[in-house]
Amino acid sequence: MANKAIKQEIDRLFTEVRQYHDSKNFRELMEFCTRFKHLSPYNAWLVNLQMPSARYVLTEKQWLKKYRRKIKLHSRPLIILIPFGPIFPIFDISETEAIDENSTSKQAILDYLANPYRVRGNIPLEKYHNLVNNLAYSGIVVEKCLEAAGIFGGELRSKPGKKVVIKRKEKRFETEADYAISINVNADIGQSFATILHELGHLFCHHQPHPQKAWESRRPYLSHAEREFEAETVSWLICERLGIHNPSEKYLSGYIERNDIPQGISINHILLAVAEIEKIMNQSESKALKQGLLWKHRKGFKDIMSEI
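Residues numbered from 1 in each chain as written. Predicted model: local features only at pLDDT ≥ 70, side-chain atom pairs only at ≥ 80, totals over all residues. Heavy atoms only, no water.

A.B. asks: Go over the sheet that holds strand β4 (residues 87-92), please, and point to the residues and values.
C.D. replies: Overall, antiparallel pairing links the 3 strands, which are arranged β1-β4-β3 in an open sheet. Of all the strands in the sheet, the pair left with one neighbour each is β1 (57-58) and β3 (78-81). (Pairing = 2+ DSSP bridges. Helix = DSSP H or I, 4+ residues; strand = E, 2+ residues; numbered from the N terminus.)

A.B. asks: Would you mind going over the environment of M51 in detail, with residue names and values included?
C.D. replies: On the secondary structure map, M51 appears in the loop between α3 (41-50) and β1. Residues in contact with M51, not counting those within four places in the same chain, are F32, R76, L78, D92 and E95. (Contact = heavy atoms within 4.5 Å.)

A.B. asks: Tell me about the packing of aromatic side chains, and please be specific about residues and values.
C.D. replies: The tally for this structure, following the rule as stated, stands at 7 aromatic pairs. Considering the side-chain rings of Y42 and W45, the 5.3 Å spacing of their centres and the 85° angle between planes classify their relative orientation as edge-to-face. With Y42 and W45 both in helix α3 and 3 residues apart, the pair spans about one turn of that helix. Here Y42 and W45 have matching classes, each one buried. Arranged with centres 5.9 Å apart and planes meeting at 55°, the rings of Y128 and F193 form a pair that is tilted. Of this pair, Y128 sits in helix α6 (residues 125-134) while F193 sits in helix α7 (residues 189-204), and the two are 65 residues apart along the sequence. Its relative accessible area of 12% is what places Y128 among the buried residues. By relative accessible area, F193 is classed as buried at 0%. (Phe/Tyr/Trp six-rings, centres within 6.5 Å; stacked < 30°, edge-to-face > 60°. Buried < 20%, exposed > 50% of the residue type's maximum accessible area, 1.4 Å probe, protein only.)

A.B. asks: Please give an account of the pattern of salt bridges that cites residues and values.
C.D. replies: This structure, assessed with the given rule, holds 12 salt bridges. With its nearest N and O atoms 2.9 Å apart, the salt bridge here joins E143 to R157. Taken together, the residues span a long stretch of sequence, with E143 in strand β6 (residues 140-146) and R157 in strand β7 (residues 154-158) at a distance of 14 residues. Ionic pairing is found between E285 and K167, a salt bridge with its closest N-O pair at 3.9 Å. Separated by 118 residues along the polypeptide, E285 in helix α11 (residues 285-291) and K167 in strand β8 (residues 163-168) bring together distant segments of the chain. The exposure class of E285 is partly exposed, given its relative accessible area of 35%. Residues joined by salt bridges that share partners form a network here, namely E143, E155, R157 and K162. (Salt bridge = Lys/Arg side-chain N within 4 Å of Asp/Glu carboxyl O.)

A.B. asks: Can you lay out the nonpolar core for me, pointing to particular residues and giving the numbers?
C.D. replies: Counting 56 residues, the largest nonpolar core has V47, L131, F193, L200, F204 and L271 as its most contacted members. Every element with two or more residues in this core is listed here: α2 (23-35), α3, β3, α6, β10 (179-184), α7, α8 (224-242) and α10 (267-282). No other element matches the 8 residues that α10 contributes to this core. Those residues within four positions of L271 in sequence are excluded, and the remaining contacts are M30, C33, P41, Y42, W45 and L237. Counting 13 residues, the second-largest nonpolar core is a separate cluster that includes A136, Y137, I166 and A180. (Core = buried A, V, L, I, M, F, W, Y, C linked by side-chain atoms within 4.5 Å.)

A.B. asks: Can you tell me about the packing of α2 against α8, naming the residues and giving the values?
C.D. replies: Running from N to C, α2 and α8 point in directions that differ by 35°, and their axes come no closer than 9 Å. The way α2 lies across α8 gives a crossing that is right-handed. On α8, the residues that touch F26, M30, E31, C33 and T34 of α2 are F229, T233, W236, L237, E240 and R241. Taken together, the residues that form the contact of α2 with α8 break down as 6 nonpolar, 2 polar and 3 charged. (Axes fitted to C-alpha atoms, helices over the stretch in contact; angles between N-to-C directions. Left-handed = near helix turned anticlockwise from the far one by under 90°. Nonpolar A, V, L, I, M, F, W, Y, C, P; charged D, E, K, R; others polar.)

Nothing here speaks to function; it is all geometry.
Shown next, in the form of structure tokens:
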């Protein structure tokens, strides 16, 4: 009986997921994910499935600590996933109420969140450099070396014959790179950042095979348009969540305005790719090392690191 109930829930979920191939629903989902920057894109999607009208969600403890607000009686929890755990309840602002006169009002919270504080076009350099440095721990080297026309951003190559530098306890170690992201030498830092995110979108949406079989390549099952749409969406979504203008918006809007979103795209792969790239971008070096693809999948890598 339990298995039957689970199957019914899975079937219902996939029925709801299909609606996002409609252009309007897809755009609304992407915009929803950009608003909920404190959630992973995947969890933002889960919130959207459960309550499309949600405006700001926190845990019960967070509401109390940050705003002195409590959860209403008979409120509706929203379920999200947490690392190394099952599920976790959070609550929309509409399900909260003030404790006393020192509580922050709903309107004050929403006014603060709606404040257009974003600086369009400014790349957070710390995140940019952290991302490039941490990619080494997944066997990815980034190089600005392509002599190409200005409209050509870059390319992703597997087994490029390059080395990545691994830092460990103030020592440096070089090992073979699994991938190289090559960027147009004429690109400014904004274009470079968007290009790196686009190529990582291809990689973490599994458009390329992985040398150590970390995933199965989806490339044989996807058209060029489907692969490009997924990679562009990954790049756009990460930039939007950082408050950065991304030219991908123009590319994606062409599909959306024509109601012509490629049917083979996977929302699941897009959101998981965004989460993985954001994790790499925000990690310390020590975490990036032990959670990177080399540590997890390259034979003998852990042993070498333990000896350094």
